[in-house]
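Here is what each chain is made of, one letter per residue.
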Amino acid sequence: MRYLPLTETDRRAMLAKIGASSIDSLYRDVPERVRLNEPVDLPLHQGELEVERAILALARKNLGTNRAPSFLGAGAYRHHVPASVDHLIQRGEFLTSYTPYQPEVSQGTLQALFEFQTQVALITGMEVANASMYDGATACAEAVMMAGRVTRRSRAVLSGGLHPHYHAVTATHARFLGFELDLMTPDPEAGEDLAARIDGETSCVVVQNPGFFGQVRDFSALGEACRNAGALLVMVVTEPISLGLVTSPGEMGADIVAAEGQGIGNALSFGGPYVGLFATREKYVRQMPGRLAGETVDADGRRGWVLTLSTREQHIRREKATSNICTNSGLCALAFTIHLALLGEAGFTRLAELNHAKAVELADALASTGKVKLVSESFFNEFTLRLPRSAAETVEKLAERGILGGVPVSRFYPDRPELADLLLVAATETTSGDDITRLCAALGEVL
Amino acid sequence: MRYLPLTETDRRAMLAKIGASSIDSLYRDVPERVRLNEPVDLPLHQGELEVERAILALARKNLGTNRAPSFLGAGAYRHHVPASVDHLIQRGEFLTSYTPYQPEVSQGTLQALFEFQTQVALITGMEVANASMYDGATACAEAVMMAGRVTRRSRAVLSGGLHPHYHAVTATHARFLGFELDLMTPDPEAGEDLAARIDGETSCVVVQNPGFFGQVRDFSALGEACRNAGALLVMVVTEPISLGLVTSPGEMGADIVAAEGQGIGNALSFGGPYVGLFATREKYVRQMPGRLAGETVDADGRRGWVLTLSTREQHIRREKATSNICTNSGLCALAFTIHLALLGEAGFTRLAELNHAKAVELADALASTGKVKLVSESFFNEFTLRLPRSAAETVEKLAERGILGGVPVSRFYPDRPELADLLLVAATETTSGDDITRLCAALGEVL
Amino acid sequence: MERERTPGTFTGNRGLQIEERLIFEQSEIGRTGVDLPEPPRVKDRLGGTRRRGPIGLPGLSEPQVVRHFTRLSQKNYAIDLGLYPLGSCTMKHNPRLNEKLARAEGLADLHPMQPERTIQGALELIDTLAHWLKTLTGMPAVAMSPAAGAHGELCGVMAIRAALEDRGDKRQRILVPESAHGTNPATAAACGYAVDPIPANERGRVDLAAFKAKLGADVAGIMITNPNTCGLFEDEILEISEAIHAAGGYFYADGANFNAIVGRVRPGDLGIDCMHINLHKTFSTPHGGGGPGSGPVVLSRALAPYAPLPYVVHAKEGFRLVEHNADPAATGKAFGRLKGFHGQMGMFIRALAYMMSHGADGLRQAAGDAVLNANYLLASLEEDLTPAFKGPCMHEVLFDDRFLKDTGVTTLDFAKALIDEGFHPMTMYFPLVVHGALLMEPTETESKDELDLFIGAVKALARRAKTGDAAFFRDAPKLTPRRRLDETTAARKPMLRWRPKETQGQAAE
Amino acid sequence: MERERTPGTFTGNRGLQIEERLIFEQSEIGRTGVDLPEPPRVKDRLGGTRRRGPIGLPGLSEPQVVRHFTRLSQKNYAIDLGLYPLGSCTMKHNPRLNEKLARAEGLADLHPMQPERTIQGALELIDTLAHWLKTLTGMPAVAMSPAAGAHGELCGVMAIRAALEDRGDKRQRILVPESAHGTNPATAAACGYAVDPIPANERGRVDLAAFKAKLGADVAGIMITNPNTCGLFEDEILEISEAIHAAGGYFYADGANFNAIVGRVRPGDLGIDCMHINLHKTFSTPHGGGGPGSGPVVLSRALAPYAPLPYVVHAKEGFRLVEHNADPAATGKAFGRLKGFHGQMGMFIRALAYMMSHGADGLRQAAGDAVLNANYLLASLEEDLTPAFKGPCMHEVLFDDRFLKDTGVTTLDFAKALIDEGFHPMTMYFPLVVHGALLMEPTETESKDELDLFIGAVKALARRAKTGDAAFFRDAPKLTPRRRLDETTAARKPMLRWRPKETQGQAAE
Ligand SMILES: Cc1ncc(COP(=O)(O)O)c(C=O)c1O
Ligand SMILES: Cc1ncc(COP(=O)(O)O)c(C=O)c1O
């Protein structure tokens with residue numbers, strides 16, 4: 001077996017040193033009757049070539065977005081990631097290291113995390129950010145729980161423009177941890193009145209910008225309303241590229257930002273691993289979940305970095321920790337940091353402009369087919385269409401034609417017939433004019 | 001431009017320091033009338049996404065061996081290269097370093113080259129090897145020139161079983177350097193009598209094993225004949241995997257081995273870059289072309305490596321150098337070394353067995369179609385078939401069916417009608433039973 | 001071996017050890033490491049939310065970025081560089097084949113919300129991995145979506161609570177051994193449970209009597225790591241599972257140490273109800289400096305109906321992904337959703353490639369070799385160090401700090417001295433049940449040569465400690481990019497981000 | 001800054017600097033880093049040549065091999081780590097995009113002998129690259145097959161000789177400036193020519209008078225590097241090309257320094273007949289620790305018919321690859337073949353991606369920035385070092401060792417001290433026309449920051465040298481994985497391979 005360095009000779013010598021007769025005998029503390037004496041009923045070991053063939057055969061049963069015009073979004077976006085990002089995250093020193101518990105030999109990871117935290121703080125317009133969460137949805141749930149700790153209140157208002165998965169994950173935690181949620185109904189037209197739901201028991205209001213249905217809004221007034229009521233404004237972002245063009249949550253008065261970072265640096269990968277961004281105000285830092293890298297000096301007085309404020313965390317604080325998170329999304333955060341370092345201010349803002357322009361182009365092209373109605377008055381790079389018939393069936397028909405035409409809202413809300421003809425459609429810098437033409441033509445056929 | 005770190009502000013500051021008004025003014029030594037003042041007539045700069053799309057569009061116009069059953073050989077072989085090989089050679093410290101002229105900060109490359117030289121010496125059964133040549137064909141020409149220097153004789157006998165490209169490259173050098181070649185005619189049946197061609201003017205006899213047409217031979221007697229006549233035996237190997245199963249050139253009495261190393265660690269890549277292996281006897285080392293890494297100690301007495309015997313080389317010896325080679329195939333040699341380190345004795349010999357077994361299976365399957373005749377009495381993983389009609393046309397018809405069915409000998413010898421119905425067919429560990437079935441079936445249709 | 005306080009060079013570099021500033025300190029306005037086409041001019045539809053001021057991101061070219069992160073990388077230790085015997089963390093070889101496959105076209109470029117007909121291979125892959133996990137654990141079901149071990153713990157404990165609530169049982173307490181990993185109590189608390197600790201016995205296992213004494217009608221379950229964090233197999237595990245079940249509670253197994261027994265013991269045979277599996281430990285998906293991981297949870301028949309959404313089922317038309325309790329193919333009892341989309345696909349690919357490469361035979365051998373390596377460390381070091389418990393151990397071996405008694409050298413000092421020797425330290429001060437713990441997990445992918453070198457270094461240091469050279473240890477490490485860092489100041493005045501020079505003063509407050 | 005003679009640790013490691021033995025010293029019999037299926041049992045057809053004894057290759061597992069080469073890699077300096085100002089070598093940023101594309105399916109997996117219909121994209125790619133090269137050089141033809149610069153030189157000089165012979169002209173001499181790279185005279189000799197050196201003038205250029213004096217009916221040609229190896233543009237180049245042509249000879253241009261003028265000067269306008277282009281210099285294909293490279297040769301109308309086989313032509317049915325003089329699409333005059341198959345396709349892909357990324361505008365800017373960076377070094381260092389010639393220079397700047405006069409410090413010592421500062425040294429003792437040459441080529445991919453740090457370090461060292469601290473320099477480098485190596489012994493008793501212990505004694509003889 002190619003991954004096992006011990007030879008039979010080694011094993012014999014080591015057993016002799018140990019004074020044991022066999023490897024099996026080292027398992028003597030395992031009750032005899034549960035010890036397996038034979039390999040389980042699974043295939044035997046295989047070489048690289050065989051494994052590669054088997055897995056690539058599975059890959060070939062899929063239609064990936066590299067091979068089909070794709071307009072899918074709904075919280076996961078296809079962007080071009082520069083080749084150097086993947087090259088660098090594959091360096092063994094990053095890839096095969098653990099959480100940087102020993103700072104003297106982890107300065108690489110630690111400095112990169114410090115840069116990540118700074119970048120996240122900058123693009124969200126917040127004071128501080130942590131070293132990542134699993135994904136946007138879990139970050140959202142953590143934000144709501146944190147708001148509860150900060151305000152010592154137990155009811156959170158969740159916007160109808162919040163991604164349904166974020167809704168659902170937050171609801172799961174609410175159920176088990178025992179806090180209350182005021183769940184607004186799905187709100188494609190962005191007409192809900194959130195301020196009206198705030199009262200003295202409200203820990204936070206959670207909104208998403210751009211909203212799940214695409215609309216971009218200014219939440220400054222809502223932030224003001226929250227502040228007046230002693231509640232926090234939690235803002236969710238599922239497309240981080242939007243932050244290059246849209247006023248940041250921080251400027252709108254957000255107290256906590258929970259975002260999905262996948263759109264920067266990370267592949268679609270069928271939904272994971274992604275990277276949750278989590279940012280807040282400095283004064284709340286000791287209520288934050290997750291790891292934090294901080295600056296300090298070494299014994300020679302040279303600048304360096306360490307993990308810090310770990311008294312918030314499970315390995316120190318155990319049942320009193322701010323979260324149970326341990327392993328996070330380190331390498332995805334690194335990819336995010338490298339991609340955003342490459343983009344820089346100029347590249348990031350231009351990329352956002354480009355995404356928006358493509359979406360405008362797409363929206364206009366679709367509207368001019370006369371078959372669909374644009375629901376989202378404003379949008380960044382994704383919007384909602386109303387179709388003359390079931391969006392789910394339409395998407396199936398497009399798939400038959402080799403086009404990944406968007407995400408039917410019914411996929412998230414199967415029990416709401418009023419949403420059945422809504423389709424989410426996204427464009428990014430990877431969307432070509434030809435893609436748009438093909439989609440419009442195909443829609444012409446199937447609608 | 002993403003690769004250029006200087007900003008306009010930088011440029012201005014630097015020009016001020018230099019005391020120049022513009023970058024253009026730094027070109028003042030260029031005669032005015034040949035200075036271009038505008039960009040040449042070529043496309044302007046493009047982003048990664050655009051470049052990637054353009055080049056992948058070209059790639060998609062090809063039918064690669066990953067997507068088609070392939071039986072191509074003739075000096076380039078498709079083998080499975082473990083993923084870690086490519087991972088490691090892409091490490092920036094290997095990929096983006098120069099020839100290890102500064103040994104204190106090049107020990108990585110130097111030690112790897114020392115390991116490469118040792119591996120090459122071991123598999124060829126020779127005493128010493130150099131740090132690589134461009135490819136097998138140029139190594140062969142260098143071997144013949146070296147034999148001339150060693151023996152101070154000027155006629156080389158080239159076997160009819162030698163790869164025609166090796167023939168041709170050697171002939172090119174012979175023409176310009178002014179030595180004589182005794183070129184044997186192509187010899188599919190391996191019937192030539194080489195010993196008879198040796199005389200007092202013979203510098204060397206060059207044979208290939210396995211031969212171009214596939215046959216494997218014992219050249220010990222020829223080596224003896226060479227030795228008796230004061231000539232050298234140069235042995236060429238174009239499929240390095242064969243050395244895991246076939247008696248080594250060294251054991252057969254070769255004085256110089258020139259080989260193509262591509263088959264270990266390197267992709268087909270449409271013919272290059274590949275890696276020439278060059279090995280000889282210790283006593284001839286000062287007549288060798290190419291770089292050599294050697295062991296020594298540092299100022300603290302610790303073992304280390306340096307480039308050595310450079311008084312043979314062009315940068316020291318200029319017109320008296322043993323070769324003009326400078327840049328060689330360093331990174332391909334590294335890939336070779338890593339792959340062979342992974343294989344090890346057990347893996348290398350088993351891989352060779354596997355290749356041979358596949359080829360036997362293929363030969364039997366083809367023979368049993370009754371449509372073709374096996375010309376090669378012995379072979380390693382490639383053999384010659386005689387078809388009932390033009391091999392070139394047959395290959396075209398197979399390609400129409402999505403099968404890369406072999407290399408027609410006429411591609412190398414268009415002027416020899418007697419070879420027009422010969423087809424070279426190879427199998428490796430990547431050849432599946434299904435591939436073989438498809439080839440036999442398709443041959444059944446087209447022949 | 002003394003190193004100067006200052007590096008002694010003009011640049012601060014030391015040969016190949018190159019200093020590197022933050023990206024923010026290398027910025028020039030307008031510079032970028034990408035080339036993007038000019039966006040077509042359109043009237044924006046941003047509803048008046050267009051950003052006004054600059055963001056403050058730094059501008060670097062591609063060569064600078066590549067160099068920056070290459071230099072940073074060289075300041076890390078890694079499995080690719082040497083032995084990384086962090087107990088409980090399972091730092092084993094990460095095959096590059098798995099990295100390659102996770103990036104394959106048709107996998108890496110799949111969007112999570114594609115129509116099912118276009119993702120049959122992906123669903124089959126998840127289903128195949130699930131089959132391997134169920135077979136290896138002897139459990140009937142598995143929830144694939146948890147993102148890491150701790151997330152899997154949430155999944156398992158939530159399933160327990162959902163099952164209890166489903167039968168109208170509002171139990172309040174979860175029993176957790178004192179030796180447990182911090183995530184266990186944190187998880188129980190995050191699910192609304194009170195945590196009730198159980199002490200260890202003198203053999204390093206759960207104190208059976210103490211455990212039984214805590215059982216009662218309000219005990220929802222017990223969370224046990226097996227092999228436990230002392231590196232020992234809980235030999236009374238069958239009694240424990242019987243007792244918890246008899247008391248109407250459930251048995252949560254923390255599977256972080258499953259690598260010791262994979263292919264040799266099926267946790268299902270031990271009577272567990274659920275167990276998370278850290279694919280990034282047992283099945284070698286890379287830790288990546290902190291993540292991502294993946295923590296599928298196997299479930300007993302009793303808990304299976306409560307598995308969170310989504311999950312893959314076989315249907316007539318092929319594989320299906322059930323995303324809602326209302327789906328006709330659903331159990332209808334899923335306790336909810338834990339994560340956006342469907343789970344850590346990139347990790348699934350790697351884990352499956354790893355499992356297929358090893359096969360049933362190789363996995364069994366790997367577990368055996370891991371245990372052999374740990375016992376070899378125990379046997380080789382027991383004279384110089386003080387084993388916390390009698391062997392044989394499982395995949396990791398625990399020492400306490402008695403061997404450092406009266407030397408003035410702490411576990412931390414000792415570990416830091418190992419860094420200078422070219423090794424990553426073992427896990428320190430965990431588990432909490434022994435004093436000054438040193439927990440070493442070599443894994444099966446270390447050669448005997450590497451272990452012997454490590455043993456030699458540890459012995460030499462132990463002897464040096466005993467000679468009373470405490471200052472040597474207190475000063476260690478001396479040969480690293482940075483020496484010991486001031487963690488107290490870091491926590492007291494947290495500087496969690498870079499700020500431009502002008503405002504840095506304020507920020508530090 | 002003194003470092004102990006011995007590393008001071010038990011293992012010999014120094015923190016992250018880890019010692020690594022040869023693979024041969026880590027071997028165990030039977031161990032392997034691959035899993036291959038059992039070969040089916042067949043009767044062999046090896047004609048009795050089956051190998052009998054063992055080969056002696058070492059047995060390592062995959063984790064060991066990955067670790068071995070990762071450790072080795074960290075003992076290298078590289079462009080990815082810092083400034084690599086090796087004059088004449090053009091160590092610039094190597095974009096990873098190019099690496100990715102060279103590995104794309106449909107390119108990396110193409111066999112060179114596939115039928116033409118299955119390789120139309122590959123031939124188009126070669127043709128496109130050829131078009132870029134011809135346009136940038138202003139030359140009508142290009143031979144794509146040479147494997148590196150020196151190989152390109154062979155190609156060019158052979159073409160010259162073939163053309164001369166074709167007109168029945170048996171010239172014997174090639175003129176080569178003394179400042180030329182060693183490959184130039186070596187190539188001329190390898191093509192059967194006598195090499196006749198031409199001196200440099202006091203301005204660092206070809207001495208026009210001396211050159212003209214050497215001209216004659218037996219001069220086949222001249223080989224000139226422009227910009228030359230002193231980093232200067234040959235400002236009398238037009239006179240030179242006129243004179244050589246008037247004498248019936250050809251003008252070979254060594255294009256190793258084309259990067260200084262690409263997009264700004266077309267060599268074709270200078271009257272050259274052929275020029276090799278090191279794609280691994282000007283067009284950034286990575287050097288890979290010594291290769292592979294690629295050396296296409298552009299050719300004038302006079303030489304084009306003699307271009308070696310094979311080459312790509314446009315035909316009705318698409319692109320064709322001409323492999324024989326007898327091919328109806330051939331010129332029939334190709335002087336032969338230089339290499340197996342068709343050229344360095346992997347390098348072509350990278351170079352084309354590089355060119356397309358820069359575009360006509362970016363290439364011109366890149367050349368300008370390279371020249372700017374070199375002149376900035378010249379202006380910043382001229383007070384402390386001694387420039388060999390007056391500027392402006394082109395893409396590299398040459399200093400001699402007058403600034404070290406009477407210090408006891410040599411060019412070599414000075415360069416070695418730079419290594420401790422974290423920089424790769426410049427090219428030393430080349431070109432031969434100045435004493436103790438230091439040739440610095442920063443390239444366009446260095447930032448001003450990095451240059452300023454380098455300038456600071458060089459100045460500090462120059463001042464230190466002048467204070468008379470020669471021992472400091474003689475001892476350098478001190479902070480590297482190895483200190484200065486004994487090259488004399490290495491050459492006197494060459495140990496060119498590892499041998500098992502028993503026979504090592506003999507081997508060393
Ligand atoms: C025993 C134990 N349990 C749980 C965990 C948490 O797993 P994760 O880090 O994957 O969330 C760990 C990880 O270190 C562990 O060692
Ligand atoms: C001026 C000059 N000519 C020729 C060469 C030889 O090129 P290559 O190394 O590609 O064979 C070099 C390479 O260093 C060079 O600098």
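This structure is a prediction, so every number in the text was calculated from the model and none was measured.

### Quick look at the overall build of chain A
So, step 1. Helix and strand counts for chain A come out as 13 helices and 13 strands.
So, step 2. Taken over C-alpha atoms, the radius of gyration comes to 25 Å for chain A, in line with the 22 Å a tight globule of 447 residues would show.
So, step 3. Taken along its principal axes, the extent of the C-alpha atoms in chain A is 80 × 55 × 50 Å.
So, step 4. Counting only residues that meet the buried cut, chain A has 70% of its 447 residues in that class.
So, step 5. Taking as baseline every contact in chain A between residues at least 6 positions apart, the subset at least 24 positions apart corresponds to 72%.
So, step 6. Counting only carbon and sulfur atoms, one obtains 48% of the accessible surface of chain A, whose full area is about 12800 Å².
So, step 7. One finds the centroid of the 42 positive side-chain charges in chain A at a distance of 4 Å from the centroid of its 53 negative side-chain charges.

### As for the site of ligand 1
So, step 1. Residues in contact with ligand 1 amount to 15 residues; listed here are only the nearest, Thr327 of chain A together with Ser88, Gly149, Asp254 and His280 of chain C.
So, step 2. Near ligand 1, the surrounding residues belong to chains A and C.
So, step 3. At 2.6 Å from an oxygen atom of ligand 1 is found a side-chain nitrogen or oxygen belonging to His280 of chain C.
So, step 4. The protein chains hide 99% of the 390 Å² of surface that ligand 1 would expose on its own.
So, step 5. Looking at the shell around ligand 1 residue by residue, the classes come out as 5 nonpolar, 7 polar and 3 charged.

### A few points about the relation of the copies chain C and chain D
So, step 1. The two copies are related by a screw motion: chain C maps onto chain D through a turn of 180 degrees and a shift of 0.0 Å along the axis, at an RMSD of 0.0 Å. Look at the turn and shift together and you get a two-fold axis relating the two.
So, step 2. Mapped onto chain D, 100% of the interface residues of chain C again fall at the interface, so both copies present the same surface.

### Overview of the packing of helix H8 (residues 345-381) of chain D against helix H10 (residues 448-466) of chain D
Between two packed helices, both the angle of their axes relative to each other and the distance between the axes serve to describe the pair.
Residues and elements named next belong to chain D.
So, step 1. Put simply, H8 and H10 touch, their axes get as near as 10 Å, and they point 30 degrees apart. Considering the angle they form, H8 stands roughly parallel to H10. The interaxial crossing formed by H8 with H10 has right-handed handedness. Between H8, through Asn373, Tyr376, Leu377, Ser380 and Leu381, and H10, the contact on the second element is made entirely by Lys448, Leu451, Asp452, Phe454, Ile455, Val458 and Lys459.

### Some points on the sheet that holds strand S11 (residues 397-400) of chain C
All names here are of chain C.
So, step 1. Spatially, the 4 strands line up as an open sheet ordered S10-S11-S13-S12, and their pairing is antiparallel. Edge positions in the sheet fall to strand S10 (386-387) and strand S12 (427-428), since each has one partner strand and no second.
So, step 2. Examined bridge by bridge, S10 and S11 share 2 bridges and lie antiparallel to one another. Pairing of Thr386 across the sheet is with Asp400, part of S11.

### Remarks on the interface of chain C and chain A
So, step 1. Residue-level contacts link 213 residues of chain C with 196 residues of chain A.
So, step 2. The largest contributions to the chain C side of the interface with chain A come from Arg45, Arg51 and Leu496 of chain C, which together make up 5% of the buried area.
So, step 3. Linking chain C with chain A are 22 salt bridges, by the criterion used here.
So, step 4. A salt bridge links Arg364 of chain C to Asp24 of chain A, with the shortest nitrogen-to-oxygen separation between them at 3.8 Å.
So, step 5. Our enumeration of links across chain C and chain A arrives at 104 residue pairs in polar contact (both at pLDDT 80 or more).
So, step 6. The greatest single-element share of the side of chain C that touches chain A, amounting to 26 residues, is contributed by helix H8 (residues 345-381) of chain C.

### Some thoughts on the site of ligand 2
So, step 1. The environment of ligand 2 is made up of 15 residues, and the closest members are Thr327 of chain B together with Ser88, Gly149, Asp254 and His280 of chain D.
So, step 2. Surrounding ligand 2 are residues belonging to chains B and D, so the site spans chains.
So, step 3. Between ligand 2 and His181 of chain D, the relevant distance is 3.3 Å, taken from an oxygen atom to a side-chain nitrogen or oxygen of the residue.
So, step 4. Considering each element in turn, the shell around ligand 2 owes the most residues, 3 residues, to helix H4 (residues 149-166) of chain D.
So, step 5. When the residues that make up the shell around ligand 2 are grouped by side-chain class, the tally is 5 nonpolar, 7 polar and 3 charged.

### A few points about the packing of aromatic side chains
So, step 1. Tallied over the full model, the rule gives 34 aromatic pairs over all chains.
So, step 2. Between Phe114 of chain B and Trp305 of chain B, the ring centres sit 5.5 Å apart and the planes meet at 50 degrees, which makes this aromatic pair tilted. Of this pair, Phe114 of chain B sits in helix H5 (residues 107-124) while Trp305 of chain B is found in strand S9 (residues 303-307), placing the two residues 191 residues apart along the sequence. The two residues Phe114 of chain B and Trp305 of chain B agree in class, both being buried.
So, step 3. By the ring-pair criterion, three or more aromatic residues cluster together here, those being Tyr3 of chain A together with Phe258, Phe283 and Tyr354 of chain C.
So, step 4. Its end group placed over the ring of Tyr193 of chain C, Arg161 of chain C keeps NZ or CZ at 5.7 Å from the ring centre.

### Examining the side chain of Lys358 of chain B
Residue and element names in this part refer to chain B.
So, step 1. Looking at the secondary structure, you find Lys358 in helix H10 (residues 330-367).
So, step 2. Within the buried core, Lys358 has no salt-bridge partner, and the shortest N-O distance to an opposite charge, that of Glu361, equals 5.0 Å.
So, step 3. Among residues more than four places away in sequence, those in contact with Lys358 are Ala427, Thr428, Glu429, Thr431, Ser432 and Ile436.

### Focus on the pairing of strand S8 (residues 293-297) of chain A
Residues and elements named next belong to chain A.
So, step 1. Within S8, 4 of the 5 residues are buried, leaving the element largely enclosed by the surrounding structure.
So, step 2. Here 5 bridges tie S8 to strand S9 (residues 303-307), and the two strands are oriented antiparallel to one another. Within S9, the residue paired with Glu295 across the bridge is Trp305.
So, step 3. Between the antiparallel neighbours S8 and S9 lie 5 residues, among them Gly301 with a positive phi of about 80 degrees.

### Comments concerning the interface of chain C and chain D
So, step 1. Each partner contributes residues to the interface: chain C has 51 residues there, and chain D has 51 residues.
So, step 2. Surface buried jointly by chain C and chain D totals about 4300 Å² across both partners, of which 54% is contributed by carbon and sulfur atoms.
So, step 3. Remark: the boundary between chain C and chain D carries 8 salt bridges.
So, step 4. In this structure, Glu446 of chain C and Arg67 of chain D form a salt bridge, with 2.7 Å as the shortest nitrogen-oxygen distance.
So, step 5. Between chain C and chain D we count 22 residue pairs in polar contact (both at pLDDT 80 or more) in total.
So, step 6. Listing elements by their share of the side of chain C that touches chain D, those giving two or more residues are helix H1 (62-73), helix H9 (411-420) and helix H10 (448-466) of chain C.
So, step 7. Residue classes in the side of chain C that touches chain D are distributed as 19 nonpolar, 17 polar and 15 charged.

### Regarding helix H12 (residues 391-400) of chain A
Each α-helix turn comprises 3.6 residues. Residues three or four places apart therefore point the same way.
Residues and elements named next belong to chain A.
So, step 1. The complete set of buried residues in H12 reads Ala391, Thr394, Val395, Leu398 and Ala399. End-on view of H12: buried residues confined to an arc of 140 degrees, all on one side of the axis.
So, step 2. Tucked inside the fold, the buried residues of H12 contact strand S12 (407-408), strand S13 (422-426) and helix H13 (433-446).
So, step 3. Two or three places before Ala392, at the start of H12, stands the capping residue Ser390, its side-chain oxygen 3.3 Å from that residue's backbone nitrogen.
So, step 4. Just beyond H12, the residue with positive phi is Gly402, at close to 80 degrees.

### Some remarks on the sheet that holds strand S3 (residues 194-198) of chain D
All names here are of chain D.
So, step 1. Read across the sheet, 7 strands follow the order S1-S7-S6-S5-S4-S2-S3 without closing on themselves; strand pairing throughout is mixed. On the outer flanks of this sheet lie strand S1 (141-143) and S3, each paired with one strand and no other. Pairs of neighbouring strands in the sheet enclose a mean axial angle of 25 degrees, with direction left out of account.
So, step 2. Pairing analysis gives 3 bridges linking strand S5 (residues 250-254) to strand S6 (residues 274-276), with the strands arranged parallel. The partner of Tyr252 across the bridge, within S6, is Cys274.
So, step 3. Packing of H4 onto the sheet brings it into contact with S1, strand S2 (173-177), strand S4 (219-225), S5, S6 and strand S7 (297-299), and relative to S5 it is tilted by some 175 degrees.
So, step 4. Against the sheet, helix H7 (residues 237-246) touches S4 and S5, its axis set at about 165 degrees to S4.

### Considering the packing of helix H6 (residues 136-151) of chain B against helix H7 (residues 164-177) of chain B
All names here are of chain B.
So, step 1. For the pair H6 and H7, the least separation of the axes is 8 Å and the interaxial angle reads 45 degrees. When the interaxial angle is binned, H6 and H7 end up oblique. The two elements H6 and H7 meet at a crossing, and its hand is right-handed. Only His165, Tyr166, Val169, Thr170, His173 and Leu177 of H7 make contact with H6, whose side of the interface consists of Gly136, Ala137, Thr138, Cys140, Ala141, Val144 and Met145.
So, step 2. Here the contact of H6 with H7 is built from residues that sort into 8 nonpolar, 5 polar and no charged.

### A short note on the pairing of S5 of chain D
Residues and elements named next belong to chain D.
So, step 1. Where burial is concerned, most of S5 is hidden: 5 out of the 5 residues are buried.
So, step 2. Residues Tyr250, Tyr252 and Asp254 line one face of S5 and the alternating positions Phe251 and Ala253 line the opposite face, and both faces are buried.
So, step 3. Sheet topology note: the S4/S5 ladder contains 5 bridges and is parallel. In the sheet register, Thr225 faces S5, and the bridge partner there is Asp254.

What counts, and at which threshold
- Residues numbered from 1 in each chain as written.
- Chains lettered and ligands numbered in written order.
- Predicted model: local features only at pLDDT ≥ 70, side-chain atom pairs only at ≥ 80, totals over all residues.
- Heavy atoms only, no water.
- Helix = DSSP H or I, 4+ residues; strand = E, 2+ residues; numbered from the N terminus.
- Rg over C-alpha atoms; globule rule 2.2 N^0.38 Å.
- Buried < 20%, exposed > 50% of the residue type's maximum accessible area, 1.4 Å probe, protein only.
- Contact = heavy atoms within 4.5 Å.
- Areas by Shrake-Rupley, 256 points an atom, 1.4 Å probe, with all protein chains shown as cover.
- Lys, Arg positive; Asp, Glu negative; His and termini not counted.
- Charge placed at Lys NZ, Arg CZ, Asp CG, Glu CD.
- Near = heavy atom within 4 Å.
- Polar contact = N/O pair within 3.5 Å; in protein donor to acceptor, adjacent residues only side chain to side chain.
- Nonpolar A, V, L, I, M, F, W, Y, C, P; charged D, E, K, R; others polar.
- Least-squares fit on C-alpha atoms with pLDDT ≥ 70 in both.
- Axes fitted to C-alpha atoms, helices over the stretch in contact; angles between N-to-C directions.
- Parallel < 35°, antiparallel > 145°, perpendicular 65-115°, else oblique.
- Left-handed = near helix turned anticlockwise from the far one by under 90°.
- Pairing = 2+ DSSP bridges.
- Buried area = accessible area lost by both parts, 1.4 Å probe.
- Salt bridge = Lys/Arg side-chain N within 4 Å of Asp/Glu carboxyl O.
- Phe/Tyr/Trp six-rings, centres within 6.5 Å; stacked < 30°, edge-to-face > 60°.
- Lys NZ or Arg CZ within 6 Å of the ring centre and 35° of its normal.
- Arc of directions from axis to C-beta.

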